[in-house]
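Here is what each chain is made of, one letter per residue.
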Amino acid sequence: MSRPLKLAITCYPSVGGSGILASELGEELARRGHEVHFISYEPPFRMPSGPGIRFHAVRVNDYDLFKYPDYTLPLSVKMAEVARAHALDLLHVHYAVPHATAAILARAMLREEARLRIITTLHGTDTTLLGRDPGYGPAIRHALEHSDAITTVSAFMQRETVRLLGVRRPIEVIPNFFEPHAPRRPRAEVRRELGVADDEALVLHISNLRALKRIDLLLETAARLGPRARFKLVILAGAPFAPHEDAVRRLGLAGRVVVREKVAEVEDYLQAADLGLFTSETESFCLSILEAMSFGCPSVAFAVGGIPEVVRSGESGLLVPFGDTAALTRAVESLLGDPARRATLGRAARDRAREHFSAAAVVPQYEALYRRVLGG
Ligand code: GMT
């Protein structure tokens, strides 16, 4: 039997897909007997606790001689310190900026113990936004070229990384996964709390509300559904929703839009949902769609980025061309009025999630990669 591995995971701890994925990966690896260290400036949003898991905080000093506080150097020092103290095999960094650069620097600091391996997983805007920024692109390319392996979450992202950064090293696609925890409250109780009537559908949107999530198009679609459609739009917001309240009122959606901010028990809401609605202009994967699929909830979304790799349109959800809110509205209407079709798509979504995007399907791909870069 192969020995358990010792690794550190670094990610952004705030609400965001890369941090969620990194946390879940750490949980699954610890469950499989590996020793997992998280290194970040605070514990990740959904960081698990339990045997085999430790957290190491990076302290950032706000020296007044610097106009901008620096995180990369203290992070690299902490990575080197944890790697040495725990004889780590590898650092697995999620989201390249600045984590991959800090990891390369940490390895350089270790000198003689330089067998430390570095795996960089690209998640999205580290390629699609920062990759095209001349102030970041060369540093990202350097960090990728000096990583022992590069992975990303969709074939779309793999293509974009080659196109935007000109990386010539192999980039392995290992998709995101989701392993739902059991909900803590009954479905009926959650729907009651949200004010969803028995004859209404719960349309769910989960995101961190950043500009590319196109909350304007989400609200426009909800407004286009009209006053006779029986639904509540529930938004699980990973950032303050206040900047969108005016639009909610202007579009006559007060009373139809229910917002919950920074929800940790996402499963309670996923089990209560009938339909997911997503309006991003780009997504490398869209973990929120997968979370909904895992609960048998199909989604309607724009066919952008890696989303068509997650959802087979017409089989496990419905996708329409980007920006066509009329088509998006028709797709939502068709499913609001047809619970049987919703259930068929939902079953296919759940099966697809289990087969391709569960921990059992995906975590062994990371373990195999770790063993490969460690040489056996
Ligand atoms: O790339 C980002 O915008 C940040 C990143 C995050 O940390 O939330 O999001 C990306 O990573 C998720 C997990 O892999 C993917 O599900 C999201 O689609 C992706 N976001 C974008 O590509 C916009």
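Attention here is on the structure that accompanies the text. In this text, all values refer to a predicted model and were calculated from it rather than measured experimentally.

So, on to the sheet that holds strand β7 (residues 171-173). Taken in spatial order, the seven strands make up an open sheet running β3-β2-β1-β4-β5-β6-β7, and their pairing is parallel. Pairing within the sheet leaves two strands with one partner each, and these edge strands are β3 (53-57) and β7. Strand after strand, the sheet turns through a mean of 25 degrees between neighbouring axes, direction not considered. Together, β5 (117-122), β6 (149-152) and β7 form the strand contacts of helix α6 (residues 155-165), whose direction differs from that of β7 by roughly 165 degrees.

This part is about the nonpolar core. Core analysis: the biggest nonpolar cluster contains 70 residues, and L219, F231, L233, I235, I289, V300 and L336 have the highest contact counts within it. Two domains each donate at least three residues to this core, and these are domain 1 (6-179 + 358-374) and domain 2 (187-356). With near-sequence residues (within four places) excluded, L336 lies in contact with A201, V203, L225, A229, F231, L275 and R342. L88, A102, L144 and I171 belong to the second-largest nonpolar core, a separate cluster that totals 34 residues.

What follows is about the site of the ligand. Close to the ligand lie 17 residues; G17, S18, H123, T125 and E283 are nearest. N176 is positioned such that a nitrogen or oxygen atom in its side chain is 2.8 Å from an oxygen atom of the ligand. The contact in question runs from an oxygen atom of the ligand to an N or O atom on the backbone of S284, over 2.9 Å. For the ligand, the protein covers 94% of the area, taking 480 Å² as the surface of the free molecule.

With respect to topology, six strands assemble into an open sheet ordered β10-β9-β8-β11-β12-β13, the strand pairing being parallel. Each edge of the open sheet carries a strand with a single partner, namely β10 (257-261) and β13 (317-320). Each neighbouring strand pair of the sheet contributes to a mean axis angle of 20 degrees, computed without reference to strand direction. Each of β8 (201-207), β9 (231-237), β10, β11 (275-278) and β12 (299-302) touches helix α8 (residues 215-224); the most contacted strand, β9, lies at about 165 degrees to it. Lying over the sheet, helix α13 (residues 325-336) contacts β8, β9, β11, β12 and β13, oriented at roughly 175 degrees with respect to β12.

Once that is clear, we can look at the environment of F66. With respect to the helices and strands, F66 occurs in the loop between β3 and α2 (72-85). Residue F66 is classed as partly exposed on the basis of its relative accessible area, which comes to 42%.

Criteria and cut-off values
- Residues numbered from 1 in each chain as written.
- Predicted model: local features only at pLDDT ≥ 70, side-chain atom pairs only at ≥ 80, totals over all residues.
- Heavy atoms only, no water.
- Pairing = 2+ DSSP bridges.
- Helix = DSSP H or I, 4+ residues; strand = E, 2+ residues; numbered from the N terminus.
- Axes fitted to C-alpha atoms, helices over the stretch in contact; angles between N-to-C directions.
- Contact = heavy atoms within 4.5 Å.
- Core = buried A, V, L, I, M, F, W, Y, C linked by side-chain atoms within 4.5 Å.
- Buried < 20%, exposed > 50% of the residue type's maximum accessible area, 1.4 Å probe, protein only.
- Domains from an automatic or database assignment.
- Near = heavy atom within 4 Å.
- Polar contact = N/O pair within 3.5 Å; in protein donor to acceptor, adjacent residues only side chain to side chain.
- Areas by Shrake-Rupley, 256 points an atom, 1.4 Å probe, with all protein chains shown as cover.

Without other data, these values stay purely geometric and don't point to any function.
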